[in-house]
Amino acid sequence: MIKGKVWKFGDDIDTDVIIPAKYLRSVDKSIWPKHVLEGLDPSFSSKVRPGDIIVAGKNFGCGSSREQAVLAIKWAGISAVVAESFARIFFRNGINNGLPLIECHGISGAVDEGDVIEIDLDKGEVYTKRGTLKTSPLPVFLQEILKSGGLVEYYKKKVSHDLERNQDR
Amino acid sequence: MGSTAVEKIISKSLGQKVSAGDFVEVPVDFAYFHDGTGPLIIDALNEMGVKRIFDPEMVGIVFDHSVPPYSDQAATLQAKVRRFAREQRITKFHDLGEGICHQVIPEKGYVGPGMIVVGADSHSCTLGAFGLFSTGMGATDLAYILATGKTWLKVPETLYVKCDGHLSRGVSSKDLILEIVRIVGTDGATYKALEFAGEAVKSMSQSSRMTMANMAVEMGAKTGFIEADEKTIEFLGRKGEIFRTDYVDESLDLDVSSLEPKVACPGSVSNVKSVSEVEGQPIDQAFLGSCTNGRYEDLFEAAKILKGKKVHRDTRLIVIPASKSTYIKAHREGLIDIFLEAGAIIGVVGCGPCLGVHMGVLGENEVCVSTSNRNFIGRMGARSSSVYLASPQTVAASAIEGRIADPRRYLQ
Ligand code: SF4
């Protein structure tokens, strides 16, 4: 169960506003969460608290493939992003880094900024003050990646093991 | 029931029939990345504990995002990728100055029709213009591909865009794709393949087709796709297997004959208007380049308009060829002289100011008309700056007037 306070955003939140390109070429990765969503609200990173949840409209994360967009959000302490829909590369990047992304129709109209919502990933439900919303469930193997903590961990647990086994034969 | 070309490519690769909606693990024929996404890929491989990548021959690396590096950190990160390429014996490695990855990979003939290609850049959909399946992914996905030679995919549905008729004078494939973005919207093709077909696409050059496929991601699509033909084979210098769509569940029919030059206004790529509606908007900068419109044909069309003219004194024009071979040809054919004499600046081959990092970024409140593909808030510089997206012809005419201008007036 994930529970947290909501920060609300609109449609088409692109990766350039999530983390502007000028911060990408940094050897020091800790700067990314400090500039998260700076393109829309320069003070966002100072207001956000660990465990908070982002709620957004359609096409969240559209634009570039930069994985720093997911990392900036995750390392800022955001526990999940619930949106009407996600752009596909951002969606993959989120799952691959163990950041829960929940596609949930009607979420924009069901919550206000500052609300506290709860998410049950197993049941695929989001609990808001205006009622319970059903989410689109993830295919089983994506759930496995997410539960492993991301694609790197998934690889270490499963794939590298299989590869070794094959080589032994 | 028939299948779409993309379904056929994936089915062929797996040796079993798949259709839209199926989740599959597919072998990847070619994977590529650049200096921007490389460092995170290497970190992920290290975390995975991968010592040797699956197959160095299926990997291409092109440095294009920070060329030459603008900071010590950017240079340090590039050195890390350079070292990786050497250690892993990646021979298809192209250091500073070769060009933009989406241009260089097909120019070198590393890919061919019918292949499955993944790039660590959202505009990897550009390569779908060569009758292959190509999509963009993030760094961790690329690391997984480098480690295993495979990736998972949801087989996409295809939105078939049939473009009949012929583009009129002064109107290019950029205007057509902007019009398609206006109709489809920024998320209208999410998870889908966008196939461009019809008489107008058939008669287009391979370069013009690349401009179309390049912007598929601006509608949320997984890939752009255009059936391969002789022009494709000639561009690549290699053959491949040609796949054809014989069934579609969703199509959009357009007649392009009456299409006018189009401009995507700041903030959203789908905020598209006819040039007549935005004509007169003053600009501080004009940019001709990027993986969307930095090819020889784009420079040629712009040079036709700029020949013997001067860039307006309140405006700067930055021209960046998309690859070294484009630059060489443009130089040999006298285009570079035309630009320089008009007062343009020629930038270093690469992405240039497209992503707002260096080599022509915008200051507070500045306005740019650009041939690139994104006009998000702050994309090319300061948060208060703005970007209008247009064709090479419109950018050239606008540079002369210092305000957005209709290129057709220069082509009579
Ligand atoms: S030219 Fe622009 S859009 Fe194309 S790869 Fe470079 S940064 Fe990306």
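What counts as what
- Residue indices follow the written sequence of each chain, beginning from 1 at its first position.
- Note on labels: chains are lettered from A, ligands numbered from 1, in written order.
- Totals for whole chains, interfaces and linings use all residues, but because this is a predicted model, local features are given only for residues with pLDDT of at least 70 and pairs of side-chain atoms are given and counted only at 80 or more.
- To obtain the side-chain values, all non-hydrogen atoms of the structure were included, while hydrogens and water were left out.
- Each helix corresponds to a stretch of at least 4 residues labelled H or I by DSSP, and each strand to a stretch of at least 2 residues labelled E; elements are numbered beginning at the N terminus.
- Using C-alpha atoms as the atom set, the radius of gyration is obtained and then compared with a globule rule of 2.2 Å times the number of residues to the power 0.38.
- Relative accessibility under 20% of the residue-type maximum defines a buried residue, over 50% an exposed one, and the middle range a partly exposed one, all with a 1.4 Å probe and only protein chains included.
- Here, residues are in contact when the closest pair of their heavy atoms is within 4.5 Å.
- Only the protein chains shown count as cover for residues, with accessible areas throughout obtained via the Shrake-Rupley method and a probe of 1.4 Å.
- In this tally, Lys and Arg are treated as positive and Asp and Glu as negative; His is ignored, and so are the chain termini.
- For this purpose, a charge sits on NZ of Lys, CZ of Arg, CG of Asp or CD of Glu.
- For two strands to be treated as a pair, DSSP must find at least two bridges joining them.
- Every axis in this analysis is a line fitted to C-alpha atoms, fitted for helices over the stretch in contact. Angles between the N-to-C directions lie between 0 and 180 degrees.
- For this purpose, a residue is taken to be near a molecule or strand whenever a single non-hydrogen atom of the residue falls within 4 Å of it.
- Three categories are distinguished: nonpolar for Ala, Val, Leu, Ile, Met, Phe, Trp, Tyr, Cys and Pro, charged for Asp, Glu, Lys and Arg, and polar for the others, with Gly belonging to the last.
- Only buried residues count toward a nonpolar core, which is a set of Ala, Val, Leu, Ile, Met, Phe, Trp, Tyr and Cys residues joined through side-chain atoms within 4.5 Å.
- Domain limits in this description derive from either an automatic procedure or a database domain assignment.
- The term buried area refers to how much accessible surface (probe radius 1.4 Å) is lost by two components on association, counted for both of them together.
- Criterion for a salt bridge: a side-chain nitrogen of Lys or Arg within 4 Å of a carboxyl oxygen of Asp or Glu.
- Pairs of N or O atoms are called polar contacts if they sit within 3.5 Å, as long as, within protein, a hydrogen donor faces a hydrogen acceptor (for residues adjacent in sequence, only side-chain-to-side-chain pairs).
- Residue-level confidence of the predictor, termed pLDDT, takes values from 0 up to 100.
- Grid points spaced at 1 Å and placed over the protein atoms alone form the basis of the search, with a cavity being a set where a 1.4 Å probe fits but cannot get out and a pocket an open set showing protein on both sides within 12 Å along at least five of seven lines. Lining residues have an atom within 4 Å of a point.
- Grid points are joined across faces, edges and corners, and a volume is the space filled by probe spheres set on the points.

Description of the overall build of chain B
At step 1: A tally of helices and strands in chain B yields 15 helices and 18 strands.
At step 2: Its C-alpha atoms give chain B a radius of gyration of 20 Å, within 12% of the compact-globule value 22 Å for 412 residues.
At step 3: Seen through its principal axes, chain B has C-alpha atoms that stretch 55 × 55 × 40 Å.
At step 4: Taken across its 412 residues, chain B has 65% of its residues classed as buried.
At step 5: Pairs at least 24 apart in sequence give 77% of the contacts found in chain B among residues at least 6 apart.
At step 6: Here chain B displays about 13,900 Å² of accessible surface, and carbon together with sulfur accounts for 48% of that area.
At step 7: Of the side chains in chain B, 44 bear a positive and 50 a negative charge, and the two mean positions are spaced by 3 Å.

Section: helix α1 (residues 5-14) of chain B
At step 1: Looking only at α1(B), the buried set comprises A5(B), V6(B), E7(B), I9(B), I10(B) and S11(B).
At step 2: Looking one or two residues past α1(B), G15(B) carries a phi angle of roughly 70°, positive in sign.

Topic: the environment of P392(B)
Residues and elements named next belong to chain B.
At step 1: Among the structural elements, P392 can be located in helix α15 (residues 392-401).
At step 2: Taking the C-alpha atoms as reference points, P392 and G220, separated by 172 residues in sequence, lie 24 Å from one another.
At step 3: Leaving out residues up to four positions away in the same chain, P392 has contacts with S172, L288, N293, D298, A302 and T371.

Quick look at the sheet that holds strand β1 (residues 2-8) of chain A
All names here are of chain A.
At step 1: Spatially, 7 strands are ordered β4-β3-β2-β1-β5-β6-β7 in an open sheet, and the strand pairing comes out mixed. Of all the strands in the sheet, the pair left with one neighbour each is β4 (101-103) and β7 (131-134). Neighbouring strand axes in the sheet, compared pairwise and without regard to direction, differ in orientation by 30° on average.
At step 2: Alignment of strand β3 (residues 80-83) against β4, held across 3 bridges, turns out to be parallel. Bridge pairing in β4 places V81 opposite L101.

Examining the site of the ligand
At step 1: The full set of residues close to the ligand is H65(B), I100(B), H102(B), H123(B), S290(B), C291(B), C351(B), C354(B), L355(B), N373(B) and R379(B).
At step 2: When grouped by side-chain class, the residues that make up the shell around the ligand number 5 nonpolar, 5 polar and 1 charged.

Here we look at the nonpolar core
At step 1: Ranked by size, the top nonpolar core spans 92 residues in total, and within it F60(A), I73(A), F33(B) and L45(B) carry the most contacts.
At step 2: It is helix α5 (residues 139-148) of chain B that contributes the most residues to this core, 7 residues altogether.
At step 3: Viewed by domain, this core spans two of them, domain 1 (2-137) and domain 2 (139-169) of chain A, each represented by three or more residues.
At step 4: If near-sequence neighbours (up to four positions away) are discounted, I73(A) is found in contact with I18(A), V36(A), I54(A), F60(A), I78(A), V81(A), F90(A) and L99(A).
At step 5: Among the nonpolar cores identified, the runner-up in size contains 58 residues, and V62(B), M204(B), V217(B) and M219(B) belong to it.

So, the domain arrangement of chain A
Residues and elements named next belong to chain A.
At step 1: Domain annotation for chain A reports domain 1 (2-137) and domain 2 (139-169).
At step 2: Between domain 1 and domain 2, the C-alpha centre-to-centre distance is 26 Å.
At step 3: Contact with domain 1, which involves 9 residues of that partner, is made by 9 residues of domain 2.
At step 4: Taken over both partners, the interface formed by domain 1 and domain 2 buries close to 630 Å², and the fraction arising from carbon and sulfur atoms is 66%.

Topic: the interface of chain A and chain B
At step 1: With 44 residues of chain A at the contact, the number on the chain B side is 46 residues.
At step 2: At the boundary of chain A with chain B, total buried surface from both sides reaches about 3,800 Å², with 58% on carbon and sulfur atoms.
At step 3: The largest contributions to the chain A side of the interface with chain B come from R25(A), R88(A) and R92(A), which together make up 23% of the buried area.
At step 4: Seen at the junction of chain A and chain B, the total is 4 salt bridges.
At step 5: Linking D187(B) and K58(A) is a salt bridge whose minimum nitrogen-to-oxygen distance equals 3.6 Å.
At step 6: Across the chain A-chain B interface, the total number found is 19 residue pairs in polar contact (both at pLDDT 80 or more).
At step 7: Mapped onto the side of chain A that touches chain B, the elements with two or more residues apiece are α1 (15-18), α4 (68-75), α5 (88-96), α7 (140-148) and α8 (151-168) of chain A.

Thoughts on the environment of F133(B)
All names here are of chain B.
At step 1: Structurally, F133 is set in strand β6 (residues 133-136).
At step 2: With a relative accessible area of 0%, F133 lands in the buried category.
At step 3: Here F133 is in contact with V6, I9, M115, I116, V117, L153, P156, K222 and T223, once residues within four sequence places are set aside.

As for the confidence of the model for chain A
At step 1: In this model, chain A carries an average pLDDT of 92, and 95% of its residues clear a pLDDT of 70 or more.
At step 2: Per-element averaging of pLDDT across chain A places α8(A) at the bottom with 76 and strand β2 (residues 53-56) of chain A at the top with 98.

Let's talk about empty space enclosed by the protein
All names here are of chain B.
At step 1: This model, assessed by the stated rule, comprises 1 cavity of 30 Å³ or more.
At step 2: Taken together, 24 residues line the largest cavity, and the ones lying closest to its centre are H34, H65, D121, L355 and R379.
At step 3: Of the residues in the lining of the largest cavity, the class split is 7 nonpolar, 12 polar and 5 charged.

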